[in-house]
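Okay, here's what each chain looks like letter by letter:
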Amino acid sequence: MKHRSLYLATLILFVFLNSIAIIVSGEEDRHTPGFPQVVEGASIPLSTPINISDIEKAISELYNRSLLNRKNAEKLKNFGNLSFKEAVSRIDNTDVRNNLLNLYNKNELTPEDIETFLNYLDTLKVSGTLNPIDELLALKALETLSNIIQSPYTSEIILRMFSAIKDLEITKKSISISEKFTPNQQISIEKPSLRFPSPSLSLIQLPTLPRLKLSLPNIPQEVFISIGITTSIAIALLISRKYLKLAFDRLKINLAVKKTIQQISDTFLEAYWRSVHLVSSITGLSRNNWETHREFLEKVFSKLDPRVAEVFKDITFAYEEYRYGFRLSSGQKILEGSKKLMSYAKIYK
Amino acid sequence: MLMIMKIIDVIKKELIDREVLVEKEIELKLITSALLSKGHALMEGVPGVAKTYTCKALSKLLGLSFKRIQMTPDLLPSDIIGFYVYDQRVGGFVLRKGPIFTNILLVDEINRASPRTQSALLEAMQERQVTIEGELFKLEEPFMVIATQNPIEMEGVFPLPEAQLDRFLIKISTGYTSTQGLVKVMKRADEIEEAIEGLKPVVTREEVLEEVKNVKNVKVDDSIYSYIASIVEDTRKHTAVRLGASPRAAIALIKMAKAWAYINGRDYVIPDDVKAVAKPVLTHRIILKPELEIQGVTVDKVVEDILTKVPVPKP
């Protein structure tokens, strides 16, 4: 009954461990909010660095696909080489223009100013008062300022330019679609994203922003194999524990039988001490050096099979007579008892 | 050997099995061992734990004479050893022997006597003779003093000095009986005195003396001497001890071990005999450091500690 419940418990443990392993491997995101997470690809994963010429290419592509009218195309003409003043002069939004000029006239321009202006642009964009052309031009003007002070925001400004181009494309597309379809027809219009547009321009591969992979590292298959092997070994050991213990005990007894006691020249005394060693191996109780032979006998007596215990008792008393009573005849008793003990120990333990 | 086995067997049958003395087997064996070792015993215990009965019963069984002295501060040495008194009938001084002229003398509350009286008694114990008015009198063998003292009383007593305590071969601490034992005592309360009075000697005084001689012939291996020496030396090295056991303690230990082996039917000493008598022999000879005594360290614990450290002879 005891063993059955043991096996059942082992089986449950095995299933539980494997379930955990499967769940863990199946989960993509095991991150608990508020706890540190592993973020893969925190750096910008651009295979090729983007620059202002890419923006120019994107603008010309828009123009070729008739998503940019002539007037706007003129505004964005020679976009890459526009100076600050040229870019500002082409902006229709007066507030943006004034703010840029204020920024330009500021004595000491700092990266924080650039950041503040970017946030200002975001605000305008959300409120719908900033069109993508003005945004692109404002960003170009800001890029020239950013380059002058070597601000770390230059790359972000260029990314925002891409975002603005994307907005421009989507706006134009949706207008053309709404012109083609009747009002009754249902259509899902993709809402423009503020910062991270999905790449849909055929020629220009828009850079993908780093994806936060919120999961633990993948658990290699080898780990599952090792868990499986370990669990199997553990189960096998549990099942065969009794037999293993028996085998181990037998091995210990055999070793004790074969072991010779060092530094004892007297055969009879050696036989006694070998018996002590054997009994220690069987019971697992070692003899302390302050323990007398009788105290050791008392300690191990109840732990031994009655037949083995009786034999060891006889050996102990024979040793006592031989060792302290100077009775040589008792020496033979020790030897005989010791032999009997060896054979009994193997059978009865 | 047969005689001592008979004595032990009778002690067991007559006193233990018949419940004349309850839970006093160890005490009886220790007193017998001390008697066979020609030593004296100090019994420490509160009043009413059958100290007198134990001594009386043993002396009856062994066919020995038994006397008792109740010590008081005004007791004089002559009250113990005796004195010459003028006898008008004979027209001269005649000797009035004191109670010391006996085989087993129970000295009740020895620490109540004055140091002068204690000294006279202890001298007689050591020399086994007394001098009265310049005349020397040998005490009859076997001679054994069993002194008792109450460990609780501190006022109006004269505690024995260490040097005098050392003269007692053993100290037996007699405690209260268990609840079951007490029930047995109560059931037989009316019969105990009668039972003790009715005890018949199982051996003669001469046979006891023969056994005393036999104990001397008990074999002791050299390794046992070394073992005892190690134990005694360890009492001096122990961190809790201020004064360790003396060489006299080592001699007492070997004497008692031999007697203990003998009453257990062996003519050789084994380490177990030494361990069995170590506490009664050593506890009154060791003085602890006061600071450790206050912390609850006892001499019994120190001896136990030593016995679990000193290696027994091997192989």
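Going by the structure above, here's the rest.
As the structure is a computational prediction, the values presented were derived from the model and not from experiment.

Visitor: Looking at this model, I keep getting lost on the pairing of strand S1 (residues 41-44) of chain B. Mind explaining?
Guide: Sheet faces and side chains relate simply in a regular strand, where the side chains alternate between the two faces. Residue and element names in this part refer to chain B. Of the two faces of S1, the one lined by Ala41 and Met43 and the one lined by Leu42 and Glu44 are each fully buried. Bridge analysis of S1 against strand S8 (residues 144-149) gives four bridges, and the strand direction is parallel. When the sheet's bridge partners are listed, Glu44 is paired in S8 with Gln149. Where S1 and strand S9 (residues 170-173) come together, four bridges link them in parallel fashion. Each residue of the ladder has a partner; that of Leu42, found in S9, is Lys171.

Visitor: Please explain the layout of surface pockets as it appears in this structure.
Guide: Any space left empty among the atoms is revealed by the rolling of a water-sized probe across them. Residues and elements named next belong to chain B. Within this model, the largest pocket holds a volume of roughly 1,200 Å³. Around the largest pocket sit 40 residues that line it, and Glu44, Lys171, Ser173, Thr283 and His284 are the ones nearest its centre. Those elements that provide at least two residues to the lining of the largest pocket are helix H2 (25-36), helix H6 (162-165), S9, helix H12 (271-282), strand S11 (287-288) and helix H14 (299-307). For the lining of the largest pocket, the element with the most residues is H2, which contributes five residues. In terms of residue class, the lining of the largest pocket is made up of 19 nonpolar, eight polar and 13 charged.

Visitor: Looking at this model, I keep getting lost on helix H12 (residues 293-301) of chain A. Mind explaining?
Guide: Side chains that are three or four residues apart share a direction in an α-helix, a result of its 3.6 residues per turn. Residues A:His293, A:Phe296, A:Leu297 and A:Val300 constitute the buried set of H12(A). Seen end-on, H12(A) carries its buried residues on one side only, within an arc spanning 105°. Elements in contact with the buried residues of H12(A): helix H11 (267-283) and helix H13 (306-323) of chain A together with H12 of chain B.

Visitor: When you look at the packing of H12(B) against H14(B) in this model, what are you seeing that I'm missing?
Guide: Two numbers describe a pair of packed helices, the interaxial angle and the distance between the axes. Residues and elements named next belong to chain B. Between H12 and H14, the shortest axis-to-axis distance is 10 Å and the interhelical angle comes to 145°. The element H12 and its partner H14 pack so that their crossing is right-handed. Residue-level contacts link Lys275, Ala278, Lys279 and Leu282 of H12 to Asp300, Val303, Glu304 and Leu307 of H14. Per-class residue counts for the contact of H12 with H14 are four nonpolar, no polar and four charged.

Visitor: Is there a simple way to explain empty space enclosed by the protein in this structure?
Guide: Residues and elements named next belong to chain B. Under the defined criterion, the tally for this structure stands at two cavities of 30 Å³ or more. In this structure, the largest cavity occupies an estimated 50 Å³ of space. Lining the largest cavity, in full, are Ile8, Ile11, Lys12, Glu25, Leu28 and Lys29. Put simply, the parts of the chain that give the lining of the largest cavity at least two residues each are helix H1 (2-17) and H2.

Rules used in this analysis
- Residues numbered from 1 in each chain as written.
- Chains lettered and ligands numbered in written order.
- Predicted model: local features only at pLDDT ≥ 70, side-chain atom pairs only at ≥ 80, totals over all residues.
- Heavy atoms only, no water.
- Buried < 20%, exposed > 50% of the residue type's maximum accessible area, 1.4 Å probe, protein only.
- Helix = DSSP H or I, 4+ residues; strand = E, 2+ residues; numbered from the N terminus.
- Pairing = 2+ DSSP bridges.
- 1 Å grid on protein atoms, 1.4 Å probe; cavity = no way out; pocket = protein on both sides within 12 Å on 5 of 7 lines; lining within 4 Å.
- Points joined across faces, edges and corners; volume = space filled by probe spheres on them.
- Nonpolar A, V, L, I, M, F, W, Y, C, P; charged D, E, K, R; others polar.
- Arc of directions from axis to C-beta.
- Contact = heavy atoms within 4.5 Å.
- Axes fitted to C-alpha atoms, helices over the stretch in contact; angles between N-to-C directions.
- Left-handed = near helix turned anticlockwise from the far one by under 90°.

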